[in-house]
Every structure is written in C-alpha cells, then in structure tokens.
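Here is how the chains run, residue by residue.
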Amino acid sequence: MDMTRRFTITTPIFYVNGAPHIGHAYTCIAADVMARFHRLNGEDVLFVSGTDEHGQKVEQTARSLGKEPQAYADEISASFRQMQKDMAISTDEFIRTTEDRHKNAACALWEKVAANGFIYLGAYEGWYSTRDEAFIGEDELVRKPDGTMMAPSGAPVERVKEPSYFFKLSEFEGRLLELYENNPDFIGPHGPKREIESFVRQGLKDLSISRTSFRWGVPVPNDPDHVMYVWFDALANYLTAVGYPDLNNPRARFWPADLHVVGKEIARFHCVYWPAFLMAAGLPLPKSVFAHGWWTVEGEKMSKSLGNVLDPKALADEFGLDALRFFLMREVPFGGDSNFSRRSMITRTNVELANDLGNLCQRTLSQIARNLDGVLPERGALTEDDQAILAMTEVLPTIMTEQIERKAITDALEEVWKVIRAANAYIDRQAPWALKKTDTARMADVLRVLVDVIRAIATLLQPYMPDTMAKMLTQLGVEDSERGFDALETPLPGGQILPKPTGLFPRFVEESA
C-alpha cells in the first residue's frame, strides 16, 4: 500500500477579463512555494491552476473588441500560462473552463446536486453585477451620491428578471456554521473568517445558479436554454483536475484538496457556495481555504486609470525572477494586505540577498577555492560554537515544516534568515581568513561547518528561489538527486573538488536619470 502523503493545492482559476498583473503572480508564487516545499519534503503533490473563461462579462468584453468569446478566452488564457512560466510556477494541471473535460465535470456535479434534490426551477428578480459576476442582495447595495445603486465593490449593478434554476443554499446554513466550528482552520486568516461567519449567520437565501440572458457558458444538463451561473461552473474546476466524475482514475486520490489559495475578494464563493455544493453532491470537502489580501503600489490601489498596474514579467526582467519571488513572499506576512515599494524591493535585494546570503556563500566558497585548492574538507572535531550553529541549522527543516503547514510562508522565510544572520556572525567570530596564518586545520573545520550550514539554507530556500538555489547547491557540490529535504541527513562527502564559485546575487544599482 502506498503510504506517501498526498498534498493537493490550488490557485483560483483566473478570470479572463484582462492581462495578468502582480496580484495574480503573488497568488501563484505563494501556492508554488507551498507545492515545492511539500514535494521536497517527499510528498505526492498535485498543484492546480487555470483560467475561468465563461460568463456575461467575458462575452461583453470579447464583443466590444470585435472578437468571438472563444478566441478572446484563448488569447487571455495563453497570457496566464505565459505568466506562470515566467514566474517559474510548477503547476501540474492547468484547467480551462472551456475544455470538454471541464464541461463534463461541471455537468456531472450539477446532475448529482439535482438528483439529491437541491436544485429547482424558478425565476430570479434582483440585482446583478456583471463586473463581479455576482448576485447582490438588497441589503448589500450601496447608494451612490446621485442615487444609483452599486455593488459593495463599487461595480455597477442592473435589475435582472429571468427564469433561473436555484440551488437550495438556505438549507446549508447550519451545516456550514458547524463546518466552521468543527474545523477552525477551514477559513484563514482571521479577517475573512469573521466576515464569512457573519454572512452565514445573517441567513442564507437560495442561490440563482443559471442564466438565460446570454449564451457564453456551460449549458445546463437537459435544459440548454439555461447556462450555468459562472461560479457553479468555475468552482467545479477543482473536481475537473482530479478527473471527476471518474472516481477510479489515478488523479481521484488527490481529492479532497488540502488547500485552496484565493484572494479575499472571492472568499465567500469558496467558503460558502463551494462547500455547500459539495455537501449537496455528497462529496468530501476541501480541508482549508486561505484568503490572502491585496497589493497596493507605493501605497495606492492598483488601477489602469492610475497607470500603476505592475507587470510581473517586467519586474522579473529588471530585478531577477528569484529576487522578485523572494520579495513578494518576504515583504508582508502572508495573508495580509501588501504594498509594493520600489525602495523596499531594492533594499531587500541588496541587504538580505546580496549582503546576507550572497556574501556568506561567496566568502565561504572563495576561501575554499583559494586556501584549500577547491577541495571540500571532511568534517573535523566540533567546538561549542560549531555545535551551536549546526544545531540551529538541523532543527530548521522541522520549524519550517510547521510554519508551512499553517500557511506562514513569510514566517518560514524569517526562520531561514535567523540562521543566515547567525552564520554571518559565526564566520566573523571564527575569522577563517586569519586562521589561515595560524591554524590551517581549524580553518578547514570552520569552512566545512559553513558549507554544511549553507547547504541546508540553499536546500530549504529552493521553494522560494528555485533557480538561484539550484546554482548555489551546484557550487556546494550537491548532486541533483540529493536536493530533497531528507538528503540533509546525509553529510556531503569530503574530498570532492567544488566548482569555481561565482556571485549569485548582484547588488541592484538604480540607474541615475
């Protein structure tokens, strides 16, 4: 029996109403860090992303550009695939909601929910926001100064009246509150959790889950005059990824998902509608939904009108991909709102990457190259100072695993930096450059301790900075097959000749105007 632990993580499928920006990249990188971490920890991982391509807004946008909806969706979906490639996102599945396999999964979910008695035909009359693709309750409407109504997001709303299938969401109020009560980690972090619980406690109304006023969607089974409400269609993508409705296919072992990573603006759909749909279908529920905050730029909200929407590819080209990935995970604790500041990006690149980590590695390896002919020394007798830094390093995988388990990916990064700062203090105290003149054997012992510490640091930082840490591990003489976390239990063999060291984190110098 296969006892390998499985881990399923998803990003939201991104809505094809515009080009990807830094917020999309942030979601993908955060999920990628966790997926890579679990893989390196020896787990069987399924990492899912994709694009949400149906709905009235997509149809309207395509038509306004003189394009067919499918051609427009193809174009924007390709840009999200390219963004993920540019950001080194290691997805295993990329779901498009216009694919036949997805339409089959969405229809199968609908039929199961209907067969269980939770869908009925009626008529919807109320407010709808096409921009948000959301039905807006009377109590949620916001009145503008000129008297017109808008959604809480500020999006315009229109009065809609049309035949509709309804999902009996009202029957799940108690079950959802019980879910939140019995599974405190189901919704994270605390802000979205309070908002979701408050929304459910106020009472749930049955949800309109079909539209007849446009055609760009998945046709409702046995009633093609209706297309599925875009969120019923979209949320089913997570089942598409595991081969639903074929429960005997190899991918089925990855359900239920361990973690849905989403932006907080879509937390309600994932924490209320999605578990209710799954309950209605008799399917296992995901274990956790983590709703992170928004990015501002230099303290201002990103908007096309301000011209401050950040292109992740341009930033990666300027600063380096791994420096960008590091910054996005480092700057603000994961979950909260974040601000992109160019000055902060440069400071972290120069202080933490170039100075703290880059110099530690370069000082160590250049001394081995210069003073030991590039030969990695065997580990010698350990002093109390050696034992202290090695002990701090040895517990790092356990500490980081605990942090990643609770989605504290910024805190996990800080744990690594504690060791990096301690290692820099250690090299300054031991001064191997001075030992070269007085005690070459001790110099070799100190450099070997530093190599072992840097090896652990580089191994554990692979999820955050995969390309640069691969280069660092190569400089340390670590084989490709020895880069998982379990390999840290086996010391590197002494006596091997290390490659010539090269700097990995150049300082960023702002070009003068």
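See the structure above.
These numbers were taken from a predicted model, which means no experiment stands behind them. (Residues numbered from 1 in each chain as written. Predicted model: local features only at pLDDT ≥ 70, side-chain atom pairs only at ≥ 80, totals over all residues. Heavy atoms only, no water.)

Once that is clear, we can look at the overall build of the protein. Along the backbone of the protein there are 18 helices and 19 strands. Its C-alpha atoms give the protein principal-axis dimensions of about 90 × 65 × 40 Å. Going through the 513 residues of the protein one by one, you find that 57% of them count as buried. Partitioning the contacts of the protein with sequence separation of at least 6, the portion at a separation of at least 24 is 76%. Accessible surface, the protein: about 21,900 Å² in total, of which carbon and sulfur atoms supply 51%. Side-chain charges of the protein comprise 56 positive and 72 negative groups, with the mean position of each set lying 2 Å from the other. (Helix = DSSP H or I, 4+ residues; strand = E, 2+ residues; numbered from the N terminus. Buried < 20%, exposed > 50% of the residue type's maximum accessible area, 1.4 Å probe, protein only. Contact = heavy atoms within 4.5 Å. Areas by Shrake-Rupley, 256 points an atom, 1.4 Å probe, with all protein chains shown as cover. Lys, Arg positive; Asp, Glu negative; His and termini not counted. Charge placed at Lys NZ, Arg CZ, Asp CG, Glu CD.)

How two aromatic rings sit relative to each other is given by the distance of their centres and the angle of their planes. Inspection of the entire model under this criterion finds 22 aromatic pairs. Consider the rings of Phe-269 and Tyr-273, whose centres lie 5.5 Å apart with planes at 75°: the pair is edge-to-face. Linking Phe-269 with Tyr-273, this pair stays in helix H9 (residues 267–281), spanning 4 residues, or about one helical turn. Both residues of the pair, Phe-269 and Tyr-273, belong to the buried class. Put simply, the rings of Trp-110, Phe-118, Tyr-165, Phe-167, Phe-172, Phe-232 and Phe-277 touch in pairs and so form one group of aromatic residues. Arg-211 extends its terminal NZ or CZ atom over the ring of Tyr-128, reaching a point 4.3 Å from the ring centre. Note that Arg-268 overlies the ring of Phe-199, its terminal NZ or CZ placed 3.8 Å from the centroid. (Phe/Tyr/Trp six-rings, centres within 6.5 Å; stacked < 30°, edge-to-face > 60°. Lys NZ or Arg CZ within 6 Å of the ring centre and 35° of its normal.)

Another aspect to go through is the pattern of salt bridges. Taken as a whole and assessed by the stated rule, the structure comprises 35 salt bridges. The residue Arg-159 makes a salt bridge to Glu-138 at a minimum N-O spacing of 3.0 Å. With Arg-159 in strand S9 (residues 158–167) and Glu-138 in the loop between strand S6 (134–136) and strand S7 (142–143), the pair connects residues that are 21 residues apart, well separated along the chain. On the basis of relative accessible area, Arg-159 is assigned to the partly exposed category, the value being 43%. (Salt bridge = Lys/Arg side-chain N within 4 Å of Asp/Glu carboxyl O.)

Turning our attention to helix H4 (residues 100–115). Since one α-helical turn is 3.6 residues long, residues separated by three or four positions face the same way. Given a rise of 1.5 Å per residue, 16 residues ought to cover 22 Å, and the 22 Å separating the end C-alpha atoms of H4 matches this to within 8%. Three or more residues of H4 are buried, namely His-102, Ala-105, Ala-106, Ala-108, Leu-109, Trp-110 and Val-113. (Expected span 1.5 Å × (residues − 1).)

The next point concerns the sheet that holds strand S17 (residues 295–297). Think of a sheet as strands paired side by side through backbone hydrogen bonds, with each pair either parallel or antiparallel. The 3 strands lie next to each other as S18-S17-S19, forming an open sheet whose pairing is mixed. The two strands at the open ends of the sheet, each matched to only one other strand, are strand S18 (300–301) and strand S19 (338–340). (Pairing = 2+ DSSP bridges.)

Moving on: the pairing of S9. Side-chain direction in a regular strand flips from residue to residue, so the side chains alternate between the two faces of the sheet. Note that strand S5 (residues 119–129) and S9 share 10 bridges and pair antiparallel. Bridged to Tyr-128 within S9 is Glu-158. Sheet topology note: the S9/strand S11 (residues 207–208) ladder contains 2 bridges and is antiparallel. Residue Phe-167 lies in a different strand from S11, and its bridge partner there is Leu-207.

In this structure, Gly-174 sits in helix H5 (residues 173–182). For Gly-174, a relative accessible area of 47% gives the class partly exposed.

A sheet is described by the order of its strands in space; here 3 strands give the open sequence S12-S14-S13, paired in antiparallel fashion. For this open sheet the edge positions go to strand S12 (210–211) and strand S13 (219–220), each flanked by a neighbour on one side alone. Strand contacts of H4: S12, S13 and strand S14 (223–228), with the helix running at about 100° to S14, the strand carrying the most contacts. (Axes fitted to C-alpha atoms, helices over the stretch in contact; angles between N-to-C directions.)

Moving on, we come to H9. End to end, H9 covers 21 Å across 15 residues, agreeing with the expected 21 Å (1.5 Å per residue, within 8%). Of all the bends in H9, the largest measures some 30° and sits at Tyr-273, one to four residues before the proline Pro-275. Counting buried residues along H9, 14 of its 15 residues qualify, which places the element largely inside the surrounding structure. Of the residues trailing H9, Gly-282 is marked for its positive phi of about 75°. (Bend = angle between axes of the 7 residues up to and from the residue.)

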